[in-house]
Amino acid sequence: GNLRLAGFFRWTAAWVVRHAHHPRTLLAGMIGVCGVLSAVFVNDTICIVMTPLVLEVALSLRRNPIPYLLAVAMSSNAGSVATMTGNPQNMMIGALSGIEYGRFAVALAPVAAISLVVVYAAVRWTYRSEFDGTHFEVGERVRVRVNKPMLWKSLAVSAAMVGLFFAGWGVAQTAIVAGAVLLATRRVKPEKVYGEVDWTLLALFAGLFVVVAGVEKTALERDLLEAVKGFGLERVWVLSGLSAILSNLVSNVPAVLVFRPVVERLADAESGWLTLAMSSTLAGNLTILGSVANLIVVERARGHVQIRFTDYIKVGIPVTLVTLAAGTAWLTVMH
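Owing to the predicted nature of the structure, the values given are computational and were not obtained by experimental measurement.

Caption draft 1: Representation of the overall build of the protein. Counting secondary structure elements, the protein contains 18 helices and zero strands. The globule rule puts the C-alpha radius of gyration for 335 residues at 20 Å, and the 20 Å found for the protein is close to it. With respect to the three principal axes, the spread of C-alpha positions in the protein is 60 × 50 × 35 Å. For the protein, buried positions account for 50% of its 335 residues.

Take a look at the structure:
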């Protein structure tokens, strides 16, 4: 919230635009920014912030905005694989598994990097006529107003927070202390910052943990374990495939809750949790309904351009299949 109010995201988009002199460079820049920021902050938030900026840039340059908007959604999902703060299901897995932040990132950051390259290749190939054009001069296309003291403070606190994550400090405790430090200021009213908080997501998480506690006191876990005993879920590709399918049927966070009792009892539970994080996230790129991030991009762009279901899946299907295969192969080699 502080970074947004300080103008950080608009400044970042403007920097990409100023240095892009070809549609392919612009696409690569947008994918890189959305992917990296989604690894640090929640992908849904990055889609909320970046969609109007990317739309503004594309329209001002008289480019087709659809491939750039698809890139925002898919790269936000792909980049969020890298860390346990990248998306809601990874946060849930981080809380349930006890895996260290740095260990999680070392295991899945390469998958995120490969997935971002796949997103670039798929969007560029599908919309060849858009990206085979000539160079263009962009000039100053995005107007930027930055609150520099607030920006530097927000960046410093964010960098310290991420550093402490990797140092092994508690994610929740570190994040809330960082937030408290940023609230200690006279440059912006606290109400403005609180307005940036996704209270609905927090309510969702609180409810999910209540549901988990309730399930633990029923026979559901035992029945589920009996039902999947013969599936061979200790194999990475089996767990990856089943979780990807379930994530598209019931959404990724509920899928994590369904697989939780099974993964906890695997011989290599850590590998199971990492596989679940990877597959449930990358499966979100299959269709518009695959993740909340996709819906955010489609809805926020609706006033200017309509992204149809077919527009999405002709990129989403190959991206999902290739990234899931790459992620599964990587985790199989690792474990």
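Caption draft 2: Structural context of the environment of D198. Topologically, D198 is positioned in the loop between α11 (190-194) and α12 (199-216). Judged by relative accessible area, D198 falls into the partly exposed class, the value being 35%. Sequence separation of D198 and D44 is 154 residues, and the distance between their C-alpha atoms is 9.7 Å.

Caption draft 3: Spatial organisation of helix α6 (residues 88-97). Within α6, seven of the ten residues are buried, which leaves the element mostly enclosed by the surrounding structure. Of the positions making up α6, those classed as buried are P88, Q89, N90, M92, I93, G94 and L96. For α6, the N-terminal cap is N87; the gap from its side-chain oxygen to the backbone nitrogen of Q89 is 3.3 Å.

Caption draft 4: Examining the nonpolar core more closely. The biggest cluster of nonpolar side chains holds 55 residues, and the ones touching the most others in it are F9, L26, M50, L69 and V315. Among all residues touching M50, those that are not within four sequence positions of it are F9, A13, V33, C34 and V72. Formed by 45 residues, the second largest nonpolar core is a distinct cluster that contains I99, V111, L208 and A283.

Caption draft 5: How the structure looks around the environment of V193. One can find V193 in helix α11. Owing to a relative accessible area of 11%, V193 belongs among the buried residues under this scheme. Residues V193 and G1, 192 residues apart in the sequence, show an inter-C-alpha distance of 5.5 Å. When sequence neighbours within four positions are dropped, the list of residues in contact with V193 reads N2, L5, L183 and V188.

Caption draft 6: Highlighting a nonpolar patch on the surface. Judged by side-chain polarity, Y194, V197, W199 and L202 come together as a nonpolar surface patch covering roughly 410 Å² of accessible area. Mapped onto the elements, Y194 comes out in helix α11. Residue classification places Y194 among the partly exposed positions, given a relative accessible area of 43%.

Reading guide: rules and limits
- Residues numbered from 1 in each chain as written.
- Predicted model: local features only at pLDDT ≥ 70, side-chain atom pairs only at ≥ 80, totals over all residues.
- Heavy atoms only, no water.
- Helix = DSSP H or I, 4+ residues; strand = E, 2+ residues; numbered from the N terminus.
- Rg over C-alpha atoms; globule rule 2.2 N^0.38 Å.
- Buried < 20%, exposed > 50% of the residue type's maximum accessible area, 1.4 Å probe, protein only.
- Polar contact = N/O pair within 3.5 Å; in protein donor to acceptor, adjacent residues only side chain to side chain.
- Core = buried A, V, L, I, M, F, W, Y, C linked by side-chain atoms within 4.5 Å.
- Contact = heavy atoms within 4.5 Å.
- Patch = residues over 30% accessible without salt bridge, like charges linked within 9 Å, V, L, I, M, F, W, Y side chains within 5 Å.
- Areas by Shrake-Rupley, 256 points an atom, 1.4 Å probe, with all protein chains shown as cover.
- Salt bridge = Lys/Arg side-chain N within 4 Å of Asp/Glu carboxyl O.

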